[in-house]
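Chains, contacts and geometry: an overview
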Amino acid sequence: MDKSKMKEIIAKRVAMELEDGDVVNLGIGLPTMVANYVPQDVEVILQSENGFIGMGSAPEEGNEINNLVNVGGMPVTALPGAAFFDSSVSFGIIRGGHVDATVLGALQVDEEGNLANWMIPGKMVPGMGGAMDLVVGAKKVIVAMTHTAKGSIKILKKCSLPLTAKSQVNLIVTEMGVMEVTKEGLVLKEINPEFTVKDIQAVTEAKLIVAENLKDMEI
């Protein structure tokens with residue numbers, strides 16, 4: 001499976017988690033794709049921490065507006081009723097608990113719901129940005145990521161990289177399946193029918209608890 005197909009599967013499945021009326025923040029990279037797959041009968045309000053609420057999907061090629069971008073600098077559209085404001089207001093929305101769900105990528109996530117998504121070994125990074133505020137401030141935290149990175153396992157018993165936040169992740173969506181973080185551990189709720197449970201466990205360090213009503217992942 002090529003990487004673009006993986007990302008499409010993940011973004012489509014994450015979009016199904018969003019509920020009508022939710023205020024949702026989408027992180028840089030793969031999570032921004034979720035905006036393109038929100039079901040037509042579901043109305044969500046997308047918030048970007050660079051000072052923007054009411055964000056739409058990516059524009060058609062040639063219709064980009066240079067200064068209308070998301071937090072990652074990628075062109076977006078604005079829906080009717082959209083509003084722009086400074087970063088203090090934007091983070092007031094986040095820290096005030098007004099974000100229903102945030103979708104982020106991860107370098108590592110573990111069975112306790114700990115998240116590491118900012119410190120890349122051997123590379124200079126400016127910091128974790130707004131991720132720390134988002135994972136603590138949002139009511140639901142969804143990690144959207146490929147299951148492995150160049151063969152390296154990302155879903156661990158315990159994160160080894162510096163943490164963004166402790167015990168804040170609620171759901172992990174990869175191209176292989178959907179896992180819920182519970183007090184008992186990671187529960188595999190849905191599986192991509194192209195894989196077996198054994199396949200997924202082989203590339204997951206954390207011990208997976210297979211749900212009794214394990215469902216096929218909608219891909």
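Look a little higher up for the structure.
On a predicted model such as this, the values are computed, not experimentally measured, just so you know. (Residues numbered from 1 in each chain as written. Predicted model: local features only at pLDDT ≥ 70, side-chain atom pairs only at ≥ 80, totals over all residues. Heavy atoms only, no water.)

1. Details of the nonpolar core
Formed by 27 residues in total, the largest nonpolar core has its most connected members in V14, V34 and V173. When residues of this core are traced back to their parent elements, those giving at least two are α1 (3-15), β1 (23-26), β3 (52-55), β5 (101-104), β8 (140-144) and β12 (171-173). With five residues, the single largest contributor to this core is α1. Dropping the residues within four chain positions of it, V34 is found in contact with A11, V14, A15, L18, L26 and V103. Among the nonpolar cores identified, the runner-up in size contains 22 residues, and A106, I155, M176 and M179 belong to it. (Core = buried A, V, L, I, M, F, W, Y, C linked by side-chain atoms within 4.5 Å. Buried < 20%, exposed > 50% of the residue type's maximum accessible area, 1.4 Å probe, protein only. Helix = DSSP H or I, 4+ residues; strand = E, 2+ residues; numbered from the N terminus. Contact = heavy atoms within 4.5 Å.)

2. Focus on the packing of aromatic side chains
The geometry of an aromatic ring pair is captured by two quantities: the separation of the ring centres and the angle between the planes. Taken as a whole and judged by the stated rule, the model has one aromatic pair. Plain terms: the ring middles of F52 and F84 are 4.7 Å apart, the flat faces sit at 15° to each other, and that makes the pair stacked. Pair noted here: F52 is in strand β3 and F84 is in strand β4 (residues 78-84), with a separation of 32 residues, a long-range link. On the accessibility criterion, F52 (2% relative accessible area) is buried. (Phe/Tyr/Trp six-rings, centres within 6.5 Å; stacked < 30°, edge-to-face > 60°.)

3. Some points on the pattern of salt bridges
Counted under the stated rule, the structure contains nine salt bridges. Residue R13 is joined to E17 by a salt bridge in which the shortest nitrogen-to-oxygen separation is 2.9 Å. Look at the salt bridges and you will find they share partners, linking R13, E17, K140 and E190 into a network. (Salt bridge = Lys/Arg side-chain N within 4 Å of Asp/Glu carboxyl O.)

4. Comments concerning helix α2 (residues 87-95)
Helical geometry note: an α-helix holds 3.6 residues per turn, so side chains three or four residues apart project in the same direction. Where α2 is concerned, the buried positions are S90, F91, I93 and I94. Taken end-on, α2 shows its buried residues confined to a sector of 150°, consistent with a single buried face. Exposed and oriented more than 90 degrees from the buried face of α2 are S88 and R95. (Arc of directions from axis to C-beta.)

5. Here we look at the sheet that holds β5
The strands making up a sheet associate through backbone hydrogen bonding, with each pair oriented either parallel or antiparallel. The strand order across the open sheet formed by ten strands is β4-β3-β2-β1-β5-β8-β12-β13-β14-β15, and the pairing between neighbours is mixed. Bordering the open sheet on either side are β4 and β15 (208-216), each of which pairs with just one other strand. Going from strand to strand, the sheet's axes swing by 25° on average, the running direction of each strand aside. Sheet analysis places β12 next to strand β13 (residues 177-182), joined by three bridges and oriented antiparallel. By the bridge assignment, V173 is partnered in β13 with V178. (Pairing = 2+ DSSP bridges. Axes fitted to C-alpha atoms, helices over the stretch in contact; angles between N-to-C directions.)

As far as function goes, none of this settles anything; it's purely spatial.
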